[in-house]
Amino acid sequence: MKHLIIGTAGHVDHGKTMLVKALTGVDTDRLREEKERGISIELGFASLTLPSGKHAALVDVPGHERFIKNMLAGASGIDIVLLIIAADEGVMPQTREHLDIIQLLQVNRGIVVLTKIDLVDEEWLELVEEEVKDYIKNTNLKDAPLIKVSAVTGENITNLLEEIDRLAEETREKPAIGLPRLPIDRVFSVTGFGTVVTGTLLSGKLNVGDEVEVYPQGLVSRVRSLQVHGKSSGSALAGQRVAVNLTGLEVEQIKRGNVLSLPNSLTLSHRLDVHLLLLKDTDKPLKQRARVRLYIGTAEILGRVIFFDQEELNPGAWSYAQLQLEEVVAVAKGDHFVLRSYSPMHTIGGGTVIDPAAKKHKRYRKDILDKLATLEKGTPEELIEQYLLGLKYPANVKELEKETSLSSEQIQNALEELKKAGRIKIIDVDHVQFLVAHARYQNWIEELEGLLDQYHRKYPLREGYPKEELRSRKFKDFNNKLFQALLQTMETDRVVKIHSKTISKSNFVPTPNSEQLKDLQNIEKAFLNGKFQPPNWVKEDFRQEFLQYLTRQGKLIKINDDIYLHHYVIKEAQRLLRNYFKQHNEISIGEARDLLNTSRKYALPLLEYFDRQRLTRRIGDMRVAGKDL
């Protein structure tokens, strides 16, 4: 494994910092108060070179109960834990709490290290060793090797290094895919460089020059420089300890618990749907709406627990639940968390985030529990389909990456399977693919067909349903481009027929009934008889529909917004003008009025219509014959 994070855990004054110094040569107690009191308060960090030449980062966390929140910040991203127990004291309260935290965060690889063996005799050491083995036998460290060391004399330090090296070889490297996400555990300033933040990169890759954002504040910056495990680097990969020098930001603007990622890549939320486990040795049940302290990434946030199907959770039991938080967080699906009681503060449980941007749910709903089960354990295909089904509009791939916490590779593979199975529909918008669950798409089709059936029955002469009215009524969450693309997709699927301003069912043909047919015949006759002085019915709602129908049929021609003429009358006007231009080079509006035996009110719009059709051409106040006359 290339990028390894090793963390210490254990009771206060059990020799964690001394052991780190023996392994690395670095004293991780940085603060004067730490030196004076002889305990770690803040997180300490040191680079470790293993016998094989591999490099690791070693995180030294505080053991004192008062600084558990600092311990939790350091536990984020740990690959291997060193559970440190002093041989002269054995298992102590913070040993137990730290081990609970290790299990809740699902750190499953570790070494149990008995320190200070130089202070006890062999008989006592054997008793403590038996106590420790008995204590860990039902934990995730039950199969962990146990090594007895002395940081003072150096006894077995080499053996410990070799065992760490062996575990490092077996530990799977975090894939550098997906969004880069760095929970910040330290913020400080370096003279000549400015603000620096540190943390363990949980996923993805960071590069010098990348534009980044600090969540939840929404502070945008750029990566000026990077250090990985204490050395300058052009990039950092998932699983590495990283120091990031940020441009344009002050130390006071950032704090531990913030998250560094790409701009607009993380969703902020006050609610998390979670799989919650209450520790079996907790002294009482966790009640509905209990106030708790949430530790996730490097953040500590107050909130309340909402159970969906019960009023309290018993020790040792688990439940789906929602955490309603007093501040927004930026986390991802699958993140592990720890809960501590509000007061007095004790670690009581933890679990895994299922939905990092959850909505408020009604309680005692089986469908909600089923949905959460799918979100937790479902395949990428199931997760994507369920997410799409919950939307009122199509989503693009970037949204899927952000909302499902799947990598781009997982999403592409899942989309291929979903397309083969016919479970998603793809809508292309300017060469960007938008995705909709097939069931949702089918539902839109059924609703649209019902709406169009009703409209066609009510208005059998109309070309179709006005598109803008349809969008505002049924697809208000769509922008215009996405709406037009949806209609084009439905036209390709022979669901609808698209017209300039309307849509109809694909097989719809406007057809008058017997009564309407008589009205149409009378209207057409009136326009024929009126010749160049047609009826002025344009503003009458009753006849408007008939005029539009006759226009689409080609019987009437719309000269301008207020004037329609019969197509035979238009042909007659062309014939008269053609004959006129055989004897004259040009014609005035007055001469056209007399030629057509009409008034200026109709002669001028007709000549302007002929100009547009290139039958005439205007020169000053006169018209000459156009090339198409």
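The structure under discussion appears in the preceding block.
Each value, and the rule that gives it
- Residues numbered from 1 in each chain as written.
- Predicted model: local features only at pLDDT ≥ 70, side-chain atom pairs only at ≥ 80, totals over all residues.
- Heavy atoms only, no water.
- Helix = DSSP H or I, 4+ residues; strand = E, 2+ residues; numbered from the N terminus.
- Rg over C-alpha atoms; globule rule 2.2 N^0.38 Å.
- Contact = heavy atoms within 4.5 Å.
- Areas by Shrake-Rupley, 256 points an atom, 1.4 Å probe, with all protein chains shown as cover.
- Lys, Arg positive; Asp, Glu negative; His and termini not counted.
- Charge placed at Lys NZ, Arg CZ, Asp CG, Glu CD.
- Phe/Tyr/Trp six-rings, centres within 6.5 Å; stacked < 30°, edge-to-face > 60°.
- Buried < 20%, exposed > 50% of the residue type's maximum accessible area, 1.4 Å probe, protein only.
- Lys NZ or Arg CZ within 6 Å of the ring centre and 35° of its normal.
- Salt bridge = Lys/Arg side-chain N within 4 Å of Asp/Glu carboxyl O.
- Pairing = 2+ DSSP bridges.
- Axes fitted to C-alpha atoms, helices over the stretch in contact; angles between N-to-C directions.
- Core = buried A, V, L, I, M, F, W, Y, C linked by side-chain atoms within 4.5 Å.

**Student:** I'm lost on the overall build of the protein in this one. Help?
**Tutor:** The number of helices and strands found in the protein is 18 helices and 34 strands. In terms of overall size, the protein is more extended than a compact globule, its C-alpha atoms giving a radius of gyration of 38 Å where 629 residues would be expected to give roughly 25 Å. Dimensions of the protein, computed from the C-alpha atoms along their principal axes, are close to 130 × 55 × 40 Å. Of the contacts made within the protein by residues no fewer than 6 positions apart, 66% connect residues no fewer than 24 positions apart. With the model as given, the accessible surface of the protein reaches about 30,500 Å², and the carbon-plus-sulfur share is 46%. Taking the average place of the 89 positive charges on the side chains of the protein and the average place of its 88 negative ones, the gap between the two points comes to 10 Å.

**Student:** What exactly am I supposed to notice about the packing of aromatic side chains here?
**Tutor:** We describe a pair of aromatic rings using the distance from one ring centre to the other and the angle between the two ring planes. Summed over all chains, the structure comprises 9 aromatic pairs. Ring geometry for Trp-444 and Phe-475: centres 6.0 Å apart, planes at 80°, overall edge-to-face. Of this pair, Trp-444 sits in helix 11 (residues 438–458) while Phe-475 sits in the loop between helix 12 (467–474) and helix 13 (480–492), and the two are 31 residues apart along the sequence. As far as burial versus exposure is concerned, Trp-444 and Phe-475 are alike and both buried. An aromatic cluster of three or more residues is present, and its members are Trp-444, Phe-475, Phe-478 and Phe-483. It is Arg-291 that lies over the ring of Tyr-342; its NZ or CZ is 4.4 Å from the centre.

**Student:** Looking at this structure, I do not really get the pattern of salt bridges. What am I missing?
**Tutor:** Close approach of charged atoms lets side chains of opposite charge pair. Under the defined criterion, the tally for this structure stands at 30 salt bridges. Note that Lys-419 is salt-bridged to Glu-416, the shortest N-O span being 3.2 Å. Here Lys-419 and its partner Glu-416 are both found in helix 10 (residues 408–420), 3 residues apart, which amounts to about one turn of the helix. Exposure remark for Glu-416: the relative accessible area of 37% places this residue in the partly exposed category. Ionic pairing is found between Glu-572 and Arg-575, a salt bridge with its closest N-O pair at 2.6 Å.

**Student:** Teacher, can you tell me more about the sheet that holds strand 30 (residues 502–505) here?
**Tutor:** Pairing between the strands of a sheet is mediated by backbone hydrogen bonds and can be parallel or antiparallel. Taken together, 3 strands build an open sheet; the order of strands is 28-30-29 and the sheet is antiparallel. Two strands close off the open sheet at either side, each with one partner strand: strand 28 (465–466) and strand 29 (496–498). Bridging between strand 28 and strand 30 involves 2 bridges; their strand directions are antiparallel. In the sheet register, Pro-466 faces strand 30, and the bridge partner there is Thr-502. Relative to the sheet, helix 11 contacts strand 28, strand 29 and strand 30, its axis offset from that of strand 30 by approximately 95°.

**Student:** Could you clarify how one ought to interpret the nonpolar core in this entry?
**Tutor:** The tendency in soluble globular proteins is for nonpolar side chains to be buried as a group. Counting residues in each nonpolar core, the largest one holds 29 residues, and the members touching the most others are Leu-83, Ile-85, Ile-102 and Val-132. Judged by nonpolar contacts, the second largest core, of 24 residues, contains Tyr-441, Leu-452, Leu-470 and Met-490.

**Student:** For this particular structure, what's the right way to read the environment of Pro-51?
**Tutor:** Considering the arrangement of structural elements, one finds Pro-51 in the loop between strand 2 (44–49) and strand 3 (55–60). Note on Pro-51: relative accessible area 53%, which makes it exposed. For the pair Pro-51 and Arg-166, spaced 115 residues apart in the sequence, the C-alpha separation amounts to 9.8 Å.

**Student:** Whenever I open this one, the sheet that holds strand 27 (residues 432–437) confuses me. Can you help?
**Tutor:** Here 3 strands make up an open sheet; going across it, the order is 25-27-26 and the pairing antiparallel. One side of each edge strand has no neighbouring strand; the edge strands of this open sheet are strand 25 (395–396) and strand 26 (424–429). Judged from the 2 bridges that link them, strand 25 and strand 27 form a sheet pairing that is antiparallel. From the neighbouring strand, Asn-396 faces strand 27, where its bridge partner is Phe-434. The strands touched by helix 8 (residues 380–389) are strand 25, strand 26 and strand 27; relative to strand 27, the strand with the most contacts, the crossing angle is about 85°.

Geometric descriptors of this kind do not, in isolation, establish any biological role.
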